[in-house]
Amino acid sequence: MLTTDVYGLGDAPLVDYQGHLLESDTAAQLQKLQTAAAKDDISITICSAYRNFERQLTIWNAKASGQRTLLDKDSQPISFDSLNDDQLIDSILLWSALPGISRHHWGTDVDLFDAKRINQANLKLVEAEYCATGPCHKMHTWLSQYGSDFGFYFPYQPGLSGVSAEPWHLSYYPKAKQYLSELNIEQLRALLSKQDMLLKDAVLARLDSIVNEFAFRIAPEPLS
Ligand SMILES: [Zn+2]
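Residues numbered from 1 in each chain as written. Predicted model: local features only at pLDDT ≥ 70, side-chain atom pairs only at ≥ 80, totals over all residues. Heavy atoms only, no water.

A. Helix α4 (residues 137-146), seen in detail. When we look at burial in α4, the residues that qualify are Met139, His140, Trp142 and Leu143. One side of α4 carries all its buried residues, which in axial view fall inside an arc of 165°. For α4, the elements touching its buried residues are α1 (24-38), β3 (44-48), β6 (109-114) and β8 (169-172). (Buried < 20%, exposed > 50% of the residue type's maximum accessible area, 1.4 Å probe, protein only. Helix = DSSP H or I, 4+ residues; strand = E, 2+ residues; numbered from the N terminus. Arc of directions from axis to C-beta. Contact = heavy atoms within 4.5 Å.)

This is how it looks when you write it as structure tokens:
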């Protein structure tokens, strides 16, 4: 029986923090991080935190059925009808995790923006918002410099991770690395086999390479 919460299934002991569910140590450290950043006039705000397996499966199926728009590497829409199954999987994985391997399953990872400079209603979570001219650039630079003092870093960085660069996605790595070490491909295969998941056979046929590329290949943690 799958009892661990590494796959977003279990009753992980989460806490409600600023309207989002988080792993408790992550919430405590995030609070310190936010307090420190506020002194530099940055309002670090969560737009996404814990997400369970079911939620990720819903996202997956919406993208796999063309109900939810697919975006290419430059965040431009891709035509759904032009893709075969494997291309469809590749396109989904560019921006969405396979259910069971999302780091959001752990409560240790958050998507952040700077509420001082952009409203959540206007936020698209695209790289342009976090680059030099974007409203979240100051926050991203600050987090790159000071995040590791609090145990946080960016796991999805250009050229260093299978997942596309996500300058909004921050991870509390002292806890996240424990979860990652629990991730087991055969357990995941058994779990996915039971699900009502679109593209399931094509995913299972290449599950090892998907997990290695999109879960295990991440930017190295900062030296402490
Ligand atoms: Zn994220």
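B. Molecular detail of the coordination of the zinc ion. Surrounding the zinc ion are the protein donor atoms His104 (NE2), Asp111 (OD) and His169 (ND1), which sit 2.0 to 2.2 Å from the metal. Considered as a linear motif, the donors of the zinc ion on their single chain read H-x6-D-x57-H. Of the two residues, histidine 104 and aspartate 111, both sit in the buried class. (Donors = N, O, S within 2.8 Å, 3.2 Å for Na, K, Ca; no water.)

C. Focus on the nonpolar core. Of all hydrophobic cores here, the largest spans 39 residues; its most connected members are Trp60, Leu98, Ile101, Leu188, Leu192, Val203 and Leu207. Looking at this core, the elements that each hand over two or more residues are α2 (53-64), α3 (85-95), α5 (173-182), α6 (185-193), α7 (200-205) and α8 (207-216). Ranked by residues supplied to this core, first place goes to α8 with five residues. Every residue in contact with leucine 207, bar those within four places of it in the chain, is listed here: Leu98, Ile185, Leu188, Arg189 and Leu192. In terms of nonpolar packing, the next biggest core, distinct from the first, is built from 29 residues, Ile42, Ile44, Met139 and Tyr172 among them. (Core = buried A, V, L, I, M, F, W, Y, C linked by side-chain atoms within 4.5 Å.)

D. Here's a closer look at the packing of aromatic side chains. Using the criterion set out here, one finds six aromatic pairs in the structure. An angle of 10° between the planes, with centres 5.7 Å apart, marks the rings of tryptophan 106 and tyrosine 179 as stacked. Here tyrosine 179 lies in helix α5 and tryptophan 106 lies in the loop between α3 and β6, a separation of 73 residues in the sequence. The buried category is assigned to tryptophan 106, whose relative accessible area is 3%. On the accessibility criterion, tyrosine 179 (11% relative accessible area) is buried. (Phe/Tyr/Trp six-rings, centres within 6.5 Å; stacked < 30°, edge-to-face > 60°.)

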